[in-house]
Amino acid sequence: MHAVSPSTTAIVDEVIDYARRRALFTEVPLDRPMAPSELARLAGRSISRDGIGARRALGVFEHVLAPSCLSTDHPGYLSFIPSAPTKAALAFDLVVSASAIYGGSWMEGAGAVFAENEVLRWLADEFGLPPGAGGVFVQGGTVGNLSALVTARDAARRRYRAEGRPMPERWAVVCSAEAHSSIASAAAVMDVDVVKARVDERGRLTGIAVAEALEGRRDSVFAIVATAGTTNFGIVDDIAAIAQAAADADVWLHVDGAYGLAAMLAPSTRHLFAGVERADSLIVDPHKWLFAPFDACALIYRRPGAALAAHTQKAEYLDTLTESADWNPSDLGIQLTRRARGLPLWFSLAVHGTEHYRVAIEDAVAKAGRLAEEIRRRPGLSLVREPDLSVVVFRRDGWSASDYQAWSDGLLGEQKAFVVPSSHAGEPVLRVAIISPLTTDGLLREILDSLA
Ligand SMILES: *Cc1c(COP(=O)(O)O)cnc(C)c1O
């Protein structure tokens, strides 16, 4: 074996030392974005002909670049969907990088793919999918939704062809107005139409609304998307009734659970997801509510064969990979080269056990419930909707959009919390999404206090 040079060893040591320190911070700094001019002044140029060396480059990162990136794992980061990777998962992410694993094929990454499949199997069992179900970890929910919809359309095309039915002029996907923007974005990429079905008084897509949306366009709809926990409110569609409507019309059912489907693991919210077991495909993002680092989406198909038919790339140099009956993750989504991005979750699940996850998810749901209770109790604040999962939306009576913005800027300025104003039905509101076990009731109360 050749020796690694002392200078290379020093680079690796410096980087891993920094990563170790950051991973073990007891108080994560929230930080804040800087303007390009400010960053240009502070960071200057790092890339030069001869390099500036590990110490200086790391110094630029630690002292300038990192403080200009919000720490999404800060307990006060409550906007969008926060992240809260377990230490086990984030540390193991370094191992995935160090191991140079190609996760696209069984031939190259068998061990990694085996472990990822164990996680996917566990999830599929939790969601009630049959033994034949399987999938792949892709980059995120957007890519997961797109991959699933491409599979659904491909399956429809093949069936129409086999049955000698004429193809529609335009294909369409049905979802609710509350569906995530990535559905519309996938439809744009695929050049298909989006039919937005109405929601009920609780904001849910129902079986009746889906049946209405299908009226007169049954032949052109290739998929129905039910959302298992909308990003804005955490609303779970009536999946059981939608599944029945999809079955009646013989249309593919995709469940977008990027954020919310994790709550099916928690005993108190499990019932909200009845019907998920009938999905043809579904997604859940481990980087959201399954405590894994960015970026990972678990995409699972009831019949993976449909995905293989749609996604397997047929380049000649790939033939040795595709001619075997092995499980090649790249054949199930729109990507080829892939990081074994399911491994951090596999390691953390193996270390902690599944009960740990149920408890942590349940804890976030309970905290959201207590926050809602507190908001109801306080004069001057009103709840926009009773939370089902861990998103709480409320308003401060009498405030305009600029009042909310000034308050939000102040909160970030103090480095207390990151809560950006949102809007609902054209009205400014506040939205808090709780994921991290470190987000305390005390911090949430302090945030409410600052609205007085
Ligand atoms: C976050 C989210 C997505 C998109 O997932 P990314 O990982 O950000 O690409 C899709 N659908 C829902 C419901 C989401 O919450």
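Criteria and cut-off values
- Residues numbered from 1 in each chain as written.
- Predicted model: local features only at pLDDT ≥ 70, side-chain atom pairs only at ≥ 80, totals over all residues.
- Heavy atoms only, no water.
- Helix = DSSP H or I, 4+ residues; strand = E, 2+ residues; numbered from the N terminus.
- Rg over C-alpha atoms; globule rule 2.2 N^0.38 Å.
- Buried < 20%, exposed > 50% of the residue type's maximum accessible area, 1.4 Å probe, protein only.
- Contact = heavy atoms within 4.5 Å.
- Areas by Shrake-Rupley, 256 points an atom, 1.4 Å probe, with all protein chains shown as cover.
- Lys, Arg positive; Asp, Glu negative; His and termini not counted.
- Charge placed at Lys NZ, Arg CZ, Asp CG, Glu CD.
- Pairing = 2+ DSSP bridges.
- Right-handed = clockwise from strand over helix to strand, strands pointing away.
- Domains from an automatic or database assignment.
- Buried area = accessible area lost by both parts, 1.4 Å probe.
- Salt bridge = Lys/Arg side-chain N within 4 Å of Asp/Glu carboxyl O.
- Near = heavy atom within 4 Å.
- Polar contact = N/O pair within 3.5 Å; in protein donor to acceptor, adjacent residues only side chain to side chain.
- Nonpolar A, V, L, I, M, F, W, Y, C, P; charged D, E, K, R; others polar.
- Axes fitted to C-alpha atoms, helices over the stretch in contact; angles between N-to-C directions.
- Parallel < 35°, antiparallel > 145°, perpendicular 65-115°, else oblique.
- Left-handed = near helix turned anticlockwise from the far one by under 90°.
- Core = buried A, V, L, I, M, F, W, Y, C linked by side-chain atoms within 4.5 Å.

Quick word on the overall build of the protein
A tally of regular secondary structure across the protein gives 16 helices and eleven strands. Compactness check: the protein gives a C-alpha radius of gyration of 23 Å against a globular reference of 22 Å for 452 residues, within 12% of the reference. The C-alpha extent of the protein, read off along each of the three principal axes, is 70 × 65 × 45 Å. Taking all 452 residues of the protein together, 50% fall into the buried category. When contacts within the protein are restricted to residue pairs at least 6 apart in sequence, long-range pairs at least 24 apart make up 71% of them. For the protein, the computed accessible surface area is about 20600 Å², with 56% contributed by carbon and sulfur atoms. Of the charged side chains in the protein, 45 are positive and 55 negative, and the gap between their average positions amounts to 2 Å.

Overview of the pairing of strand S3 (residues 193-197)
When strand S2 (residues 172-176) meets S3, the two strands line up parallel, connected through five bridges. The residue bridging Cys175 from the neighbouring strand is Lys196, located in S3. After leaving S2, the chain enters helix H7 (residues 181-190) and then returns to the sheet as S3, a path that is right-handed.

Here we look at the domain arrangement of the protein
Annotation of the protein at the domain level lists domain 1 (6-30 + 33-69), domain 2 (95-352) and domain 3 (354-449). Taking only C-alpha atoms, the centre of domain 2 and the centre of domain 3 are 29 Å apart. Each side of the interface is counted separately: domain 2 has 29 residues, and domain 3 has 20 residues. Taking both partners together, domain 2 and domain 3 bury about 2300 Å²; carbon and sulfur atoms supply 64% of that area. Looking only at domain 2, the three residues that lose the most surface to domain 3 are Phe233, Trp289 and Phe291, adding up to 32% of its buried area. Summed over the shared surface of domain 2 and domain 3, the result is one salt bridge.

Things to note about the site of the ligand
Neighbouring residues of the ligand: 14 residues in total, closest Gly141, Thr142, Asp256, Asp285 and Lys288. A distance of 2.7 Å separates an oxygen atom of the ligand from a polar atom in the side chain of Thr142. Asp256 is positioned such that a nitrogen or oxygen atom in its side chain is 2.7 Å from a nitrogen atom of the ligand. Taken by itself the ligand offers 380 Å² of open surface, and the protein chains cover 87% of this. Residue assignment for the shell around the ligand shows that the elements contributing at least two residues are helix H6 (141-163) and helix H10 (286-289). The element that contributes the greatest number of residues to the shell around the ligand is H6, accounting for three residues. When its residues are assigned to classes, the shell around the ligand shows two nonpolar, nine polar and three charged.

Things to note about the packing of helix H1 (residues 6-23) against helix H3 (residues 53-65)
For the pair H1 and H3, interaxial distance at closest approach is 10 Å and the crossing angle is 20 degrees. In terms of orientation, H1 and H3 fall into the roughly parallel class. Crossing of H1 against H3: the hand is right-handed. The segment H1 lies against H3, with Ile11, Glu14, Val15, Tyr18 and Arg21 engaging Ala54, Arg55, Leu58, Phe61 and Glu62.

A few points about the pattern of salt bridges
Counted according to the given criterion, the structure contains 32 salt bridges. Salt-bridge contacts for Arg32 lead to Glu38; the nearest nitrogen and oxygen are separated by 3.6 Å. When its relative accessible area of 40% is taken as the criterion, Arg32 is described as partly exposed. Its salt-bridge partner being Arg198, residue Glu212 comes within 2.9 Å of it at the nearest N-O pair.

A few points about the nonpolar core
Counting 89 residues, the largest nonpolar core has Ile224 and Trp289 as the members making the most contacts within it. Looking at this core element by element, the count peaks at nine residues for helix H14 (residues 354-377). Mapping this core onto the domain boundaries places at least three of its residues in each of domain 2 (95-352) and domain 3 (354-449). For Ile224, the contacting residues outside a window of four places in its chain are Val174, Val210, Leu214, Ile242, Ala246, Val251, Trp252, Leu253 and His254. Grouped together as the second largest cluster of nonpolar side chains are 31 residues, Leu149, Phe222, Val225 and Ile283 included.

Description of the sheet that holds S2
In any sheet, the strands associate via hydrogen bonds between backbone groups, in a parallel or an antiparallel arrangement. On the basis of which strands lie adjacent, the open sheet formed by seven strands has the order S1-S7-S6-S5-S4-S2-S3 and mixed pairing. On the outer flanks of this sheet lie strand S1 (134-138) and S3, each paired with one strand and no other. Sheet twist, expressed as the mean angle between neighbouring strand axes with direction ignored, is 20 degrees. Bridge count for strand S5 (residues 252-256) against strand S6 (residues 281-284) is three bridges, and the pairing is parallel. Residue pairing for S6: Val255 is matched across the bridge by Leu282. Contacting S1, S2, strand S4 (221-227), S5, S6 and strand S7 (297-301), H6 crosses the sheet at an angle of about 20 degrees to S7.

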